[in-house]
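# Reading the structure
If you want the building blocks of each chain, they are given just below.
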Amino acid sequence: MNNILRSALLLLITSPAFATIQLNANRIIYYGADADAKIVVKNTEQREYLIQSWVDENKQSTAQMPFIVTPPLFKMDEQSENVVQLIYNGQGLPDNRESLYWLDIKAIPSMTESEKNAKDKIVVAVVNRLKLIYRPSGLSGDPQQAVQQLQWSVKHPGSVVASNNSPYFIILNKISLNGHELPIDVTTNNTVIAPFSSKEYVKPAGDLKIDWSGMNDYGVASPIYSTTLH
């Protein structure tokens with residue numbers, strides 16, 4: 001093993017940012033009646049971190065976001081915590097359905113004196129990427145029931161469609177077709193079904209038993225629901 005790789009592995013093993021920079025939530029629901037939404041960032045390690053935060057719609061988007069993040073950049077002292085605040089600017093989002101964005105929080109660790117003096121070194125910056133859902137006031141229905149009310153249908157012999165007729169985002173954590181669980185793909189977000197929209201999946205031949213469950217506002221899985229299509 002060469003020295004650079006050895007040093008990289010040493011830093012990853014002894015001081016992983018993903019283990020020492022902690023967030024108090026794994027998703028954010030921004031309620032339209034509230035002036036802001038917040039998330040707590042906690043540094044549990046004996047080193048400082050530089051924290052950078054921003055909102056995007058997708059990784060390729062360069063459009064101006066309808067949220068202000070404050071502070072967008074700050075230093076975290078060792079063994080400390082801070083609050084990242086999100087403020088909706090009041091423009092651009094529909095008031096009859098939820099909108100989905102992403103909050104990115106990048107943690108860049110400082111180096112100890114021994115790490116600075118090392119011949120070979122690497123700095124590992126870790127980005128935590130959380131769903132940010134803006135929920136306008138006065139939406140009809142219950143977001144906790146939207147998963148259960150998901151409608152399944154056969155579009156054609158090789159396709160099954162999951163239709164979300166609610167104004168809420170449905171975040172599935174399990175889809176099983178005839179006992180075969182579909183892998184979750186965070187790149188294509190194949191388990192995220194937008195309000196008043198649908199998602200299409202490859203259908204096995206013959207009768208189809210579907211089992212599914214979703215995540216609620218607190219990141220807790222719902223019961224497993226089932227249906228059979230002929």
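Nothing here was measured: the structure is a model prediction, and the numbers come from that model.

## Re the sheet that holds strand E6 (residues 73–76)
- Read across the sheet, five strands follow the order E2-E9-E8-E4-E6 without closing on themselves; strand pairing throughout is mixed. The sheet is open, and its two edges are formed by strand E2 (27–31) and E6, each paired on a single side. For this sheet, the mean inter-axis angle between neighbouring strands, taken without regard to orientation, is 25°.
- Bridge count between E2 and strand E9 (residues 126–135): five bridges; the pairing is parallel. Note that in E9 the partner of Ile28 across the bridge is Leu132.

## Here's the deal with the side chain of Lys131
- Residue position: Lys131 is located in strand E9.
- For the buried Lys131, which has no salt bridge, the nearest side chain bearing the opposite charge is Asp185, at an N-O separation of 11 Å.
- Discounting residues that sit within four places of it in the chain, Lys131 has contacts with Asn26, Arg27, Ile28, Leu100, Tyr101, Trp102, Ile171 and Val192.

## Some points on the sheet that holds strand E15 (residues 197–202)
- Strands sit in the order E10-E11-E15 across an open sheet of three strands; the sheet is antiparallel. Unpaired on one side and paired on the other, strand E10 (151–156) and E15 mark the two borders of the sheet. The average angle at which neighbouring strand axes cross in this sheet is 30°, direction not considered.
- With six bridges connecting them, strand E11 (residues 159–164) and E15 associate as antiparallel partners. For Ala162, the partnering residue across the bridge sits in E15 and is Lys199.

## With respect to the nonpolar core
- Residues Tyr30, Ile51, Val55, Phe67, Leu86 and Leu132 are the most contacted members of the largest nonpolar core, which totals 25 residues.
- The element contributing the most residues to this core is strand E8 (residues 99–109), with four residues.
- Judged by nonpolar contacts, the second largest core, of 17 residues, contains Trp152, Ala162, Tyr201 and Leu229.

## Quick notes on the confidence of the model for the protein chain
- Predicted confidence across the protein chain gives a mean pLDDT of 87, with 88% of residues reaching 70 or more.
- This stretch, residues 1–18, has a pLDDT under 50; its non-local contacts, to residues over four places away or in other chains, come to 23 contacts.

Criteria and cut-off values
- Residues numbered from 1 in each chain as written.
- Predicted model: local features only at pLDDT ≥ 70, side-chain atom pairs only at ≥ 80, totals over all residues.
- Heavy atoms only, no water.
- Pairing = 2+ DSSP bridges.
- Helix = DSSP H or I, 4+ residues; strand = E, 2+ residues; numbered from the N terminus.
- Axes fitted to C-alpha atoms, helices over the stretch in contact; angles between N-to-C directions.
- Buried < 20%, exposed > 50% of the residue type's maximum accessible area, 1.4 Å probe, protein only.
- Lys, Arg positive; Asp, Glu negative; His and termini not counted.
- Salt bridge = Lys/Arg side-chain N within 4 Å of Asp/Glu carboxyl O.
- Contact = heavy atoms within 4.5 Å.
- Core = buried A, V, L, I, M, F, W, Y, C linked by side-chain atoms within 4.5 Å.
- pLDDT = per-residue confidence, 0-100.

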